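Coordinate analysis (summary)
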Amino acid sequence: MFTSQTSSFQESIDVEEKDTDFDNEDLAGFSPKIQQINSYYSIYYYQNTRSETSEESVAWSQRRADSTTSQEDFSLTLLDTSLPAEAEPELRSYISRRLSKGALLGGMGNIATVELSVLEQAVGCYCCLLEQERSPEQPEADGNGWVVCLLGGSEKGLNLFRIELDKYVQGLQSSLTPEMQNLETEVRPYLSRWYEESVMHIHRVVQLVQTNIGHLLYAALSHTHVEVNGTDERTKTDVARFIKAASLQGLVQEEPATASLCKTISEDSTSCLVIDCSSSPPAFNNAVSNRFCDDWIQAFLNAAERFNPFLLRQILENFKLKAIQDMNNLKRFIRQAEMSHYALFRCCLFLQTCGNGDILLQNARAEHSGLPEACSIIRVLEEFIAEQALGIVQ
């Protein structure tokens, strides 16, 4: 039983060796320097021609006739792109087909693989239709909007960052107007940064903290508050996003009173993890880790060294998946231990070998706070873990 669990853990942590999709698709096109990663964007104005009544809209469309693809009931006008000139019409044709089939819904990102002839390989393409705000004063704008396309890596890789991409594109909506007077000052710079802001934040954090990444993983699992000092807001935001991506928040069913108590404890200054970035490498205060988190350090470092942010995210997801599997195993053992002393013994063995016993018991205590029998089992297990830790120190 425990041999198979160890094997499963090794398979999770060895994703770098077995995941050929990331090695062959996503690593291709990545140079040793982050600045030269191939990523592109395009933005189009989408007009529902069935509602087009404004002379101004018609005149504007005519001025854009050389960059507009028209279908029976809509038109798609290029506003800006970083793609090579030969590739953009192919992308526009692809988007038109997707719109014709109703495959792009307002506000919902869609990720697929596109093949553009001038690019060396197929790339992942994130597309999102942002609908123009409707108002009684502009009935002709009903159904109009903007199609934002972000291209880079592979479909599989971009899917790992779907939440980040959705949030980033939604952040553009307030800056969009049909006339796009702010194209050069706001929209173009914003779209040009999509890869750095939506995909590379995990890579930047791993590069910053290096072997201390285990402390951040532990803080994420244990709901420990993390304070970052001596650096810019971007780095602070990167660390906060990493903690959020690595945590199991929302996956543990906590009683309201217990959740409030855990939040209070996590914000206690004595247990807060403090990262001082004014020195190089950054200094960590109140840093805690365990064997489970430390076992993942090398996998993160290897992926960061290869400048593969998609692989890094996959490793992070595997880390969470393994923690969830162990949590579910412990919950099953606790239920069995309520009726069997042998099952209690198996609980102790499991906690001893998994390397994550303290975190698992913390989550189990939160989930079982309203179950007296389970709480008594957890108290016994906590005493066992404490004795084991004391034995190691001695």
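Preceding this paragraph is the structure being described.
Anyway, here's the lowdown on the structure attached to this text. (Residues numbered from 1 in each chain as written. Predicted model: local features only at pLDDT ≥ 70, side-chain atom pairs only at ≥ 80, totals over all residues. Heavy atoms only, no water.)

**Digging into the overall build of the protein**
The number of helices and strands found in the protein is 19 helices and nine strands. Counting across all 394 residues of the protein, residues that qualify as buried make up 49%. Nonlocal contacts in the protein, meaning residues at least 24 apart in sequence, comprise 72% of its contacts between residues at least 6 apart. (Helix = DSSP H or I, 4+ residues; strand = E, 2+ residues; numbered from the N terminus. Buried < 20%, exposed > 50% of the residue type's maximum accessible area, 1.4 Å probe, protein only. Contact = heavy atoms within 4.5 Å.)

**Considering the packing of aromatic side chains**
Tallying each qualifying case throughout the model produces 12 aromatic pairs. Counting every residue linked through ring pairs, the aromatic cluster contains Phe161, Trp194, Tyr195 and Phe310. The ring of Phe161 carries the charged tip of Arg313 above its face, separated from the ring centre by 5.0 Å. The aromatic ring of Phe333 is capped on one face by Arg332, whose charged end is 5.2 Å from the ring centroid. (Phe/Tyr/Trp six-rings, centres within 6.5 Å; stacked < 30°, edge-to-face > 60°. Lys NZ or Arg CZ within 6 Å of the ring centre and 35° of its normal.)

**With respect to the pattern of salt bridges**
For the coordinates displayed, the defined rule picks out 12 salt bridges. Among the salt bridges present, the one from Asp326 reaches Lys322, with a minimum N-O distance of 3.3 Å. Of the two residues, Asp326 and Lys322 are both situated in helix H16 (residues 309-337); the distance of four residues between them amounts to about one turn of the helix. Note on Lys322: relative accessible area 5%, which makes it buried. Linked by salt bridges that have partners in common, Glu196, Glu197, Arg204, Arg234 and Asp238 make up one network. (Salt bridge = Lys/Arg side-chain N within 4 Å of Asp/Glu carboxyl O.)

**So, the packing of helix H11 (residues 213-221) against helix H12 (residues 233-246)**
H12 packs onto H11 with a crossing angle of 60° between their chain directions and a minimal axis gap of 8 Å. Between H11 and H12, the angle falls in the class oblique. As for how H11 packs across H12, the hand of that crossing is right-handed. Taking contact as the criterion, the partners of Ile213, Leu216, Leu217, Ala219, Ala220 and Leu221 in H11 are, on H12, Val239, Phe242, Ile243 and Ala246. Its residues assigned to classes, the contact of H11 with H12 shows 10 nonpolar, no polar and no charged. (Axes fitted to C-alpha atoms, helices over the stretch in contact; angles between N-to-C directions. Parallel < 35°, antiparallel > 145°, perpendicular 65-115°, else oblique. Left-handed = near helix turned anticlockwise from the far one by under 90°. Nonpolar A, V, L, I, M, F, W, Y, C, P; charged D, E, K, R; others polar.)

**Here's the deal with the packing of H12 against H16**
Orientation of H12 relative to H16, taken along the N-to-C sense of each, is 45°, at an axis distance of 9 Å. Judged on the interaxial angle alone, H16 and H12 are oblique. Within the contact between the two elements, H12 uses Phe242, Ala245 and Ala246 and H16 uses Arg313, Leu316, Phe319 and Lys320.

**Quick word on the sheet that holds strand E9 (residues 283-285)**
On the basis of which strands lie adjacent, the open sheet formed by three strands has the order E7-E8-E9 and mixed pairing. Looking at strand neighbours, the two that pair on one side only are strand E7 (226-229) and E9, the edges of this open sheet. Averaged over all pairs of adjacent strands, the angle between their axes in this sheet comes to 20°, without regard to strand direction. Relative to E9, strand E8 (residues 273-276) runs antiparallel, the two being bridged by three bridges. Note on E9: the bridge partner recorded for Asp276 is Ala283. (Pairing = 2+ DSSP bridges.)

**Remarks on H16**
The terminal C-alpha atoms of H16 lie 42 Å apart, and with 29 residues this matches the ideal 42 Å at 1.5 Å per residue to within 8%. At the N-terminal end of H16, a side-chain oxygen is found 3.2 Å from the backbone nitrogen of Phe310, two or three residues along, and the residue is Asn308. (Expected span 1.5 Å × (residues − 1). Polar contact = N/O pair within 3.5 Å; in protein donor to acceptor, adjacent residues only side chain to side chain.)

**Observations concerning the pairing of E8**
Sheet analysis places E7 next to E8, joined by four bridges and oriented parallel. Bridging from a neighbouring strand, Val228 pairs with Ile275 of E8. Hairpin remark: E8 followed by E9, antiparallel, with six residues in the connecting loop.

**As for unusual backbone geometry**
The linkage connecting Ser280 with the following residue, Pro281, adopts the cis geometry, with an omega of 0°. With respect to the helices, strands and loops of the structure, Pro281 is situated in the loop between E8 and E9. Backbone geometry at Asn286 places phi at a positive 60°, although glycine is not the residue there. The partly exposed category is assigned to Asn286, whose relative accessible area is 42%. Although it is not a glycine, Phe307 adopts a positive phi angle of roughly 55°. With respect to the helices and strands, the residue Phe307 is situated in the loop between helix H15 (297-305) and H16.

Structural measurements only, silent on function.
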